Amino acid sequence: MDPFDAGAGGLLKQPKSVWATAGASVVAFMGIGLVDPILPSIAQGLHATASQVSLLFTSYFLITAVAMLVTGFVSSRIGGRKTLLLGLAFVVVFAALAGTSGSVGELVGFRAGWGLGNALFVSTALAVIVGAAAGGSAAAILLYESALGLGMACGPLLGALLGDASWRYPFFGTAFLMAVGFLCIAVFLKEQPKPARKTSLLDPVKALGHGGLASAAVSAFFYNYTFFTVLAFTPFVLNMSPYRSGAVFFAWGVLLAVFSVIVAPRLQKRFGSLQVLGGSLVLLAADVLVLGYGDHTTAVVCTILSGAFIGVNNTVYTELALGVSDAPRPVASAGYNFVRWFAAAAAPYFAPKIEEWTDLHIPFVVAAVTAVVGALVVVVRRKALTHEAEELEPRHVTEDGVAVFAN
């Protein structure tokens, strides 16, 4: 069945509960890149340095990484609907508080609470969408991936539009939109059956004892350092107005969405998952290196172009993590994300610090090296990854409907 078919069970013929969850997912993913175009404005408004403001990402993703051990534990006990509502409530409260911050320390702290809420919501959203969708999982997965891409693209745009007036407004805007999402899910989404088996806090860590899953997680760790150097550090390098920076990262997000949902599956079918991943990581390394040493126009072009490689990488890593081990896939997903999100926390902190210690170019050299290291892990650990990767069909969902937190 074509998931784009407008007939029964197609993408456009889904229950209100699915659309409510997908809409809230768009806003949740918007929160990741929301602060990108206003990072310089926040630094100026709170009299903070680039490294201090970059802690907005560090606190957010550090809490997200740790929360990966908790989300399965929570959702397997209270159910998907209550987990979504709990996550949304956290985001509404902490996003609103972030807008009232009087210091960068307060803002960093509130972003940490926001990260916990987002982890609870996003790690459960696909499970709920698949469970409530009509016509099987194909349309549900496409809808979720589309929500992810749209959110990543529109986050910087919303941040720019609201942030041009004040850096505080994007935080209030997110709180309002997530409150609407909370009400929609509360009204339209019915509780779904709880998983038959409850997840313990240590299950994801134990799953990393599998060589293939550990290899995928380690490779993704190095890749994520590159990814979030681009996302969190480049706005300071471009040094553009919120509108211009928002436009750049909107274009970046559009490429990310298109290459994740449309291009990556076609490349995998033709060349194989590991070949596509290794090649995309090397191209991303070259792109980031040129970004760091090029003039301003080149930096803008390379920033946008990186979205294509990041979109491909996100899709392939997600599928590898879901299929490479014999652990229950929700557990494998949590273990994989637990490892890789630590790099998302590290890059925003270390990139501006490295600039302070050296010069503007070296953070991008480091980011290029980490992308190459990620590719080398794929090559060296090929035997641990090959068997599953060769048989892997493009998929992002488990038998229980639980997804890897893709971005």
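Residues numbered from 1 in each chain as written. Predicted model: local features only at pLDDT ≥ 70, side-chain atom pairs only at ≥ 80, totals over all residues. Heavy atoms only, no water.

Colleague: Go over the overall build of the protein chain, please, and point to the residues and values.
Modeller: When you go through the protein chain residue by residue, the secondary structure sums to 16 helices and zero strands. Considering only intrachain contacts with a sequence separation of at least 6, the fraction spanning at least 24 residues in the protein chain is 86%. For the protein chain, the exposed area adds up to about 15100 Å²; of that, 67% sits on carbon and sulfur atoms. (Helix = DSSP H or I, 4+ residues; strand = E, 2+ residues; numbered from the N terminus. Contact = heavy atoms within 4.5 Å. Areas by Shrake-Rupley, 256 points an atom, 1.4 Å probe, with all protein chains shown as cover.)

Colleague: Any chance you could break down the environment of Ser 215 for me, citing the residues and the numbers?
Modeller: Note that Ser 215 resides in helix α10 (residues 211-238). Sequence separation between Ser 215 and Ala 321 is 106 residues; the distance between their C-alpha atoms is 9.3 Å. Leave out the neighbours within four places in its chain, and Ser 215 touches Val 377, Arg 381, Ala 384 and Leu 385.

Colleague: Requested: an account of the nonpolar core, with residues and values cited.
Modeller: Within soluble globular proteins, side chains that are nonpolar generally end up buried alongside one another. If you look at the biggest cluster of nonpolar residues, it comprises 114 residues, and the most contacted ones within it are Ile 42, Phe 61, Phe 121, Phe 171, Ile 185, Phe 228 and Trp 252. When sequence neighbours within four positions are dropped, the list of residues in contact with Phe 121 reads Thr 21, Ala 24, Ser 25, Ala 28, Leu 84, Gly 87, Leu 88 and Ile 185. (Core = buried A, V, L, I, M, F, W, Y, C linked by side-chain atoms within 4.5 Å. Buried < 20%, exposed > 50% of the residue type's maximum accessible area, 1.4 Å probe, protein only.)

Colleague: Give me the lowdown on the packing of aromatic side chains, citing residues and values where you can.
Modeller: Each aromatic ring pair is characterised by the separation of its centres together with the angle its planes make. What the rule picks out here adds up to 17 aromatic pairs. Between the aromatic rings of Trp 167 and Phe 171, the centroid separation amounts to 6.1 Å while the plane-to-plane angle is 80 degrees, which identifies the pairing as edge-to-face. Using a relative accessible area of 0% as the deciding quantity, one classes Phe 171 as buried. With a centroid separation of 5.9 Å and an interplanar angle of 65 degrees, the aromatic rings of Phe 249 and Trp 252 are classed as edge-to-face. Placement of the pair is Phe 249 and Trp 252 together in helix α11 (residues 242-271), with a separation of three residues, close to one helical turn. By the burial criterion, Phe 249 is buried, and Trp 252 matches it. In this structure an aromatic cluster arises from ring pairing among Tyr 60, Phe 61, Trp 114, Trp 167, Phe 171, Tyr 223, Phe 227, Phe 228, Phe 249, Trp 252, Tyr 317 and Trp 341. We note Arg 77 situated over the ring of Phe 73; from NZ or CZ to the ring centre the distance is 3.8 Å. Seen from the ring of Trp 341, Arg 340 lies directly overhead, with NZ or CZ sitting 4.7 Å from the centre. (Phe/Tyr/Trp six-rings, centres within 6.5 Å; stacked < 30°, edge-to-face > 60°. Lys NZ or Arg CZ within 6 Å of the ring centre and 35° of its normal.)

Colleague: If you had to explain helix α5 (residues 80-99) to someone new, which residues and values would you point to?
Modeller: Over its 20 residues, α5 runs 29 Å from end to end, which matches the ideal 28 Å to within 8%, given 1.5 Å per residue. Turning to α5, its buried residues are Gly 80, Thr 83, Leu 84, Leu 85, Gly 87, Leu 88, Val 91, Ala 95, Ala 98 and Gly 99. (Expected span 1.5 Å × (residues − 1).)

Colleague: Explain unusual backbone geometry to me, using residue names and the numbers behind them.
Modeller: A positive phi is found at His 47, a non-glycine position, where the angle reads about 55 degrees. Within the secondary structure, His 47 is located in the loop between α2 (39-45) and α3 (50-53). His 47 gets classed as exposed once you look at its relative accessible area, which sits at 75%. Although it is not a glycine, Asn 239 adopts a positive phi angle of roughly 50 degrees. On the basis of relative accessible area, Asn 239 is assigned to the exposed category, the value being 59%.

Colleague: Outline the side chain of Thr 303, listing residues and values.
Modeller: Within the secondary structure, Thr 303 is located in helix α13 (residues 296-323). For Thr 303, the side chain forms a polar contact with the main-chain oxygen of Ala 299, separated by 2.7 Å. Leaving out residues up to four positions away in the same chain, Thr 303 has contacts with Thr 234, Leu 238, Val 248, Phe 249, Trp 252 and Leu 291. (Polar contact = N/O pair within 3.5 Å; in protein donor to acceptor, adjacent residues only side chain to side chain.)

Colleague: Would you mind going over the packing of α11 against α13 in detail, with residue names and values included?
Modeller: Two quantities define a packed helix pair, namely the angle between the helix axes and the distance between the axes. Where α11 contacts α13, the two axes come as close as 7 Å, and the packing angle between them is 40 degrees. One element, α11, and the other, α13, form an angle in the oblique class. Here α11 runs over α13; the crossing is right-handed. Grouping the amino acids of the contact of α11 with α13 by side-chain chemistry returns 16 nonpolar, eight polar and one charged. (Axes fitted to C-alpha atoms, helices over the stretch in contact; angles between N-to-C directions. Parallel < 35°, antiparallel > 145°, perpendicular 65-115°, else oblique. Left-handed = near helix turned anticlockwise from the far one by under 90°. Nonpolar A, V, L, I, M, F, W, Y, C, P; charged D, E, K, R; others polar.)

Colleague: Just give me the short version of the environment of Leu 39, but keep the residues and values in it.
Modeller: The topology assignment puts Leu 39 in helix α2. Given the relative accessible area of 0%, Leu 39 is considered buried. Spatially, the C-alpha atom of Leu 39 lies 9.8 Å from that of Gly 159, the residues being 120 residues apart in sequence. Contacts of Leu 39, omitting those with residues within four sequence positions, involve Val 53, Leu 56, Phe 57, Ala 232, Pro 235 and Phe 236.

Colleague: If you had to explain α13 to someone new, which residues and values would you point to?
Modeller: Between its first and last C-alpha, α13 extends 41 Å over 28 residues, near the 40 Å set by a 1.5 Å rise per residue. Most of α13 sits inside the fold, with 22 of its 28 residues counted as buried.

Colleague: Provide a residue-level description of the packing of α10 against helix α15 (residues 362-380), including the pertinent values.
Modeller: Relative orientation of the contacting elements α10 and α15 amounts to 160 degrees, with a least axis distance of 8 Å. In terms of their interaxial angle, α10 and α15 are classed as roughly antiparallel. As for the relative orientation of α10 and α15, their crossing is left-handed in sense. For the pair α10 and α15, contact is made by Ser 215, Val 218, Ser 219, Phe 222, Tyr 223, Tyr 225, Thr 226, Thr 229, Phe 233, Thr 234 and Val 237 and by Pro 363, Phe 364, Val 366, Ala 367, Thr 370, Ala 371, Val 373, Gly 374, Val 377 and Val 378, respectively. Across the contact of α10 with α15, the residue classes tally to 14 nonpolar, seven polar and no charged.

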